[in-house]
Amino acid sequence: MKFHQYTTTVGLALLCAKSFSAEAWNQGVFLPRGGASRASALRSTTSAIAEVDTTPIEGMRPGTSGLRKKVEVWQGVDEANKNYVENFIQSLVDTAVDNNDNQPMDTLIVAGDGRYYNPEAIQTICRVLAGNGVSDIWIPQGGIMSTPAVSAAIRRREGGKAQGGIVLTASHNPGGPGEDFGIKYNEGLGQPAGEEFTEELYKKSLELKTFKTVENAVDIDLNAEVGTTYAITEVSTVTIIDPFDSYLDALNSCFDFEALKKFGQREGVSILFDGMHGAGGPFARRVLIEELGLPESSLLRCNPLPDFGKCHPDPNLTYAADLVKSMGLLADGAANDDVDFDSLPMLGAANDGDGDRNLIAGAQCFVTPSDSLAMICDNWESIPHFSKAGGPKGVARSMPSSAALDVVAEARGIPFFSTPTGWKFFGNLMSSKELFDKTDYTPFLCGEESFGTGSDHIREKDGLWAVLAWMSILMKANENVPEGEALVSVKDVVTNHWAKYGRHFYCRYDFEAVESDAANEVMDLIRDSFIAGDISSADAGDIKLIAAEEFGYTDPVDGSQTSRQGLILQFEYPTGDTARVIFRLSGTGSAGATIRMYLEKFEQDTLKHGESAPVALKTLADRALALVKMVELTGRESPTVIT
């Protein structure tokens, strides 16, 4: 271990002459009094940059949304995983420096979704960043920030000064001892790191011999007042920042807050938002309660907890069961006709652990993510971000999402794209002009099947943005409804859309924590028997397999190619109606594999639109599962989740 010891003398530019508490001074903390956001101070402290010997740790290849492992792996409980956080962050910093013309990073954000091990990991990461000469490290008060808010802060705070953000999250995965922890990196435009970055990070992790850190560094009080500054070394400073301001600025650029506030006071308008004890809860309180004036009763589980209250923070019909029931819905999303419609909230929504996913429901009406995206697109006039520009200049969906968006885009003359799953693929399209000086597709609308919706106001999916979009749609739909008359509901918006465009019945089966070899056997069977093989050999049935392919993608902006992004089976019913089933292995879990099966069938007949999607798609699901021998190969007779 190599040490570089020195005495730091830290001077901050004099902006406001204010006194400091003795305790703060002794701790190396520059804490403004009297409401000052900045102050001057001069203090000496002894600390040491250490270059610590380490060995590479296998398995640090990030997936579509960062690296996720069991929390005990990150904690280095086993000797084989000693210094796991330090190794990963050093590999990340080395990659970022390479992409920064070999210059040290100047400003980075470090924030997490509040899950178990979040505070400890932030302290470790800050020491590694300071050891590597990062001059400004921004941490949100409390250490908690939703993923959309991090993206907004990268893009907007101090004119977009931050070069990136390190986000501590395993998204919708459970938290707590024995559960999941993760780290992802967002680059300078607020977008998730691309494959080129993550692959280089992985290569560096396999070659790593040392990491840099700071010994005897001052501990950071994550709950300190906004503006508090900590000197870690003579060149590296940590500042506690407001978690909300940049994000509020981004949302205000998209929506008319004053009009929404007025709409929220209207008789018959009520909202129920489930934060699932994740990072999105405080942001929902700040926006819905403090900005829009809705009552506190609009919030459910909006206090972040390290273990998410022992719930699974994934906003779907299974894990948001309390919200689903409160909206007058059964477990499969069908309406519970035993509940009085008029007693239910007008709009229901939920976030996941890091606040980027969303579930949308109305009274007795569940809106699938694919339908929600299509309906936002068709109602773009309701949303100022789009209406001010004359509509979206581009829209996109992940390939496994239903084709509901395609139909609307074609009818409305909007350029449309189908991408692999992963928000980073939307990022190139959003930044086509900004980053590549090519076609400008902004304002841009996009979404994916796993409850993700967003726009170009940031470079991440944004759960709260989707809620405000639906509030705006309902506000526009009711602008000419006289006081005292029945309001246009979410269910009205949905059924009117289906009558206009037809319904894309859609649902997803998740088989979670499948043994990896068994999951790969399922995928290999599909490739070998149906994609590379002869589909005519498939056993006969009423629902006929007519085509099979594996989805690949050539990025229309940078020309990069991505392969093996999903296995697509096309079917035909005896009536001639077509359907498709897609199989993917999800990269968002920390153990085993999740097999996701996506089912879609188009229906034009309005008399059939009222059926529950899982019921309408049951025979298609049974046919597909039999073809791929799911029970025989995995032992799973039913999915973990249907949503």
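Above: the structure in question.
Let me begin by describing the structure that accompanies this report. (Residues numbered from 1 in each chain as written. Predicted model: local features only at pLDDT ≥ 70, side-chain atom pairs only at ≥ 80, totals over all residues. Heavy atoms only, no water.)

Scanning all chains against the criterion turns up 12 aromatic pairs. Where tryptophan 74 meets tyrosine 84, the ring centres are 5.0 Å apart and the plane angle is 80°; that geometry is what we call edge-to-face. You can see tryptophan 74 sitting in helix 2 (residues 71-75) and its partner tyrosine 84 sitting in helix 3 (residues 84-98), a full 10 residues away along the chain. Seen from their ring centres, phenylalanine 417 and tyrosine 441 are 5.0 Å apart, and the 75° between their planes marks the pair as edge-to-face. Pair noted here: phenylalanine 417 is in strand 18 (residues 416-419) and tyrosine 441 is in the loop between helix 15 (432-436) and strand 19 (444-448), with a separation of 24 residues, a long-range link. Note on phenylalanine 417: relative accessible area 15%, which makes it buried. Aromatic rings pair up to connect Trp74, Tyr84, Phe88, Tyr117 and Phe181 into one cluster. Here the basic side chain of arginine 157 rests over the ring of tryptophan 138, its NZ or CZ set 5.1 Å away from the ring centre. Positioned above the aromatic ring of tyrosine 573, the side-chain terminus of lysine 601 is 5.0 Å from the ring centre. (Phe/Tyr/Trp six-rings, centres within 6.5 Å; stacked < 30°, edge-to-face > 60°. Helix = DSSP H or I, 4+ residues; strand = E, 2+ residues; numbered from the N terminus. Buried < 20%, exposed > 50% of the residue type's maximum accessible area, 1.4 Å probe, protein only. Lys NZ or Arg CZ within 6 Å of the ring centre and 35° of its normal.)

Turning our eyes to something else, we now look at the side chain of arginine 596. For arginine 596, the location among the structural elements is in strand 27 (residues 593-603). Given the relative accessible area of 5%, arginine 596 is considered buried. One polar contact links arginine 596 to aspartate 510, side chain to side chain, over a distance of 3.4 Å. (Polar contact = N/O pair within 3.5 Å; in protein donor to acceptor, adjacent residues only side chain to side chain.)

Attention now goes to the state of the cysteines. Scanning all chains against the criterion turns up 0 disulfides. Unpaired in this structure, cysteine 377 has its nearest cysteine sulfur neighbour in cysteine 446, at a distance of 11 Å. You can call cysteine 377 buried: its relative accessible area is 0%. (Disulfide = S-S within 2.5 Å.)

Everything listed is a geometric property; what it means functionally is a separate question.
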